[in-house]
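# Architecture and fold: a report
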Amino acid sequence: MTIDSTEGGACGHASRSEDAAGDAPWRSAGTPSNVASRLERLPLSRWQVKIRLLIGTGTFFDAFDALAIAQVLPVLTPMWGLTGTQIAALISIGYLGQLIGALLISGVAERFGRTRAMALAIGVFSVFSVLCALSTGFWMLLLMRLLQGVGLGGQVPIGAVYINEITKAKGRGRFVLLFELIFSVGVVLCAVVGRFVVPAFGWQGMFLVGALPVLLILPILRVVPESPRWLAARGREEAADAQMLRIENAVVRAGRTLDDPEPLGIGIREARGRMRELLGPDYRRRTLTVWLIWFATYIVYYGIGTWLPSLYRGHFGLPLETSLNYALIGNLGAFLGAAICAFTIDLLGRRRIFILSLAGSAVMMGVLALLGAQQPWQVLVFGSLAYLAAGAASIGLYLYTPEIYPTRIRAVGVGAATSWLRIASMIGPVMVGSLVTSGLGLVCGIFAAIAAIAAVVVAKWATETKDRVLEEISH
């Protein structure tokens, strides 16, 4: 098959040659079934990798900005005389903003498209990252962190939705999670950058580095095609066909050959989704199960991660550099867990990964609870292992959640699910800050119980999605 087209903007039209247009029936319209079958026969090429890296750069900085506060708090706490409650507020307020952003920007993605929503989210968190750096006190930084969080809460979920929607079923897990692994790289490099930037250039440098993704907005709008699945689901068949052709041309120019698509044999309903469908009879069990996984995973992930530098520094009295080094080890554990998940999820399946990850978090937190978490080495060893286990589940959720919903409610489904991430991310740090004087063991015991309950629920009710076409899963 020969295809010839020029690559325009995300909403531009692709021009066709006579040879490309032909009389092929699969080229006649961009219906949902037509688009899905054409996407399913796309081979992996440089084009997909380029798009993954471009969107992934925004995801990298989302992770960087979300955890930058953990790196600057050991400096700001003595400088501004912050109390434990104020520290917890600065950590948690960003997640409140992310909750708001996850809901608002997922709505933008459903109504105006995936690429515009991603560009909006990146613009918001970049601008307010600069304003965080310009903050002169606790209350200003608190407000700027809230508004920065609105952008952070929208970018990663919509990026995950988009990458899922342009990827075929076979090998989707590894391809999508290698994209999501960039988030874990951001977590690690946030700690690395903080280790050198904060002592050398001051806390403001962390937020200024976090504003760099503003440079991605124009490339995303110009280079990244709009999701053909979204266009088709909205009934915009001509635009869906044009964007699908644009993708096909890019794959061909990358040196790959395209075969004619095979009909999927799945009836796909064109309709505008409603958020109430998430708890309707068709998706209620999936929704409640995935909400619990998000909550359980991230109450451990962020409950530990955001407090580690301050705990090592304030609770155990370790030097600043030692505290940052120990926190870096924990972040490396989270990255390792995410990497293991990325390379094994297509082999083991989604359910097994979540069961192993949640059970692992429960065991490690349980050990810390029994030991009382009274020594820094105990937190370093068992906290880092719990962080590793939670890291595997955290990355897998960005693959799994978009898979279990149809295109018409995929963005709002992921946005609503990630809201439980934000709720957990607010509760976890506040719980640590409130109970740390009573002993870390109590907090670890609560985290262990939540993770254990989630592991049991996943074993009983989670839907397996490995190697299944998105339209088949939600049919």
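Scroll up to find the structure.
A few points on the structure. (Residues numbered from 1 in each chain as written. Predicted model: local features only at pLDDT ≥ 70, side-chain atom pairs only at ≥ 80, totals over all residues. Heavy atoms only, no water.)

Moving on, we get to the pattern of salt bridges. In the structure shown here, the tally under the stated rule is 13 salt bridges. We note a salt bridge from aspartate 241 to arginine 38, for which the minimum N-O separation is 2.7 Å. Of this pair, aspartate 241 sits in helix H11 (residues 237–253) while arginine 38 sits in helix H2 (residues 32–40); the two residues are 203 residues apart in sequence, bridging distant segments of the chain. When sorted by exposure, aspartate 241 lands in the same class as arginine 38, which is buried. Of the charged contacts in the structure, one is a salt bridge between glutamate 248 and arginine 38, with a shortest N-O distance of 2.8 Å. In this pair, glutamate 248 is assigned in helix H11 and arginine 38 in helix H2, connecting sequence segments 210 residues apart. In this structure glutamate 248 comes out as buried when scored by relative accessible area, which is 0%. (Salt bridge = Lys/Arg side-chain N within 4 Å of Asp/Glu carboxyl O. Helix = DSSP H or I, 4+ residues; strand = E, 2+ residues; numbered from the N terminus. Buried < 20%, exposed > 50% of the residue type's maximum accessible area, 1.4 Å probe, protein only.)

A contiguous nonpolar patch, built from Val130, Leu134, Met140 and Leu208 and spanning about 320 Å² of accessible area, is present on the exposed surface. Mapped onto the elements of the fold, leucine 134 is located in the loop between helix H5 (114–133) and helix H6 (138–165). According to the relative accessible area criterion, leucine 134 is exposed, its value standing at 53%. (Patch = residues over 30% accessible without salt bridge, like charges linked within 9 Å, V, L, I, M, F, W, Y side chains within 5 Å. Areas by Shrake-Rupley, 256 points an atom, 1.4 Å probe, with all protein chains shown as cover.)

Here we take up the side chain of glutamine 155. Checked against the element boundaries, glutamine 155 lands in helix H6. Taking the relative accessible area as the measure of exposure, glutamine 155 reaches 0% and is therefore buried. Setting aside anything within four residues of it in sequence, one finds glutamine 155 in contact with Ile55, Gly58, Thr59, Asp62, Met118, Ala121, Ile122 and Phe125. (Contact = heavy atoms within 4.5 Å.)

All chains considered together, the criterion is met by 14 aromatic pairs. Ring centres of phenylalanine 138 and tryptophan 139 lie 4.9 Å apart, and the angle between their planes is 75°; on these two criteria the pair is classed as edge-to-face. In this structure phenylalanine 138 comes out as buried when scored by relative accessible area, which is 12%. Overall, tryptophan 139 belongs to the exposed group, its relative accessible area being 64%. Seen from their ring centres, tryptophan 294 and tyrosine 398 are 4.9 Å apart, and the 90° between their planes marks the pair as edge-to-face. You can see tryptophan 294 sitting in helix H12 (residues 284–305) and its partner tyrosine 398 sitting in helix H16 (residues 376–403), a full 104 residues away along the chain. Put simply, the rings of Trp294, Tyr298, Tyr301, Tyr387 and Tyr398 pair up and form one aromatic cluster. (Phe/Tyr/Trp six-rings, centres within 6.5 Å; stacked < 30°, edge-to-face > 60°.)

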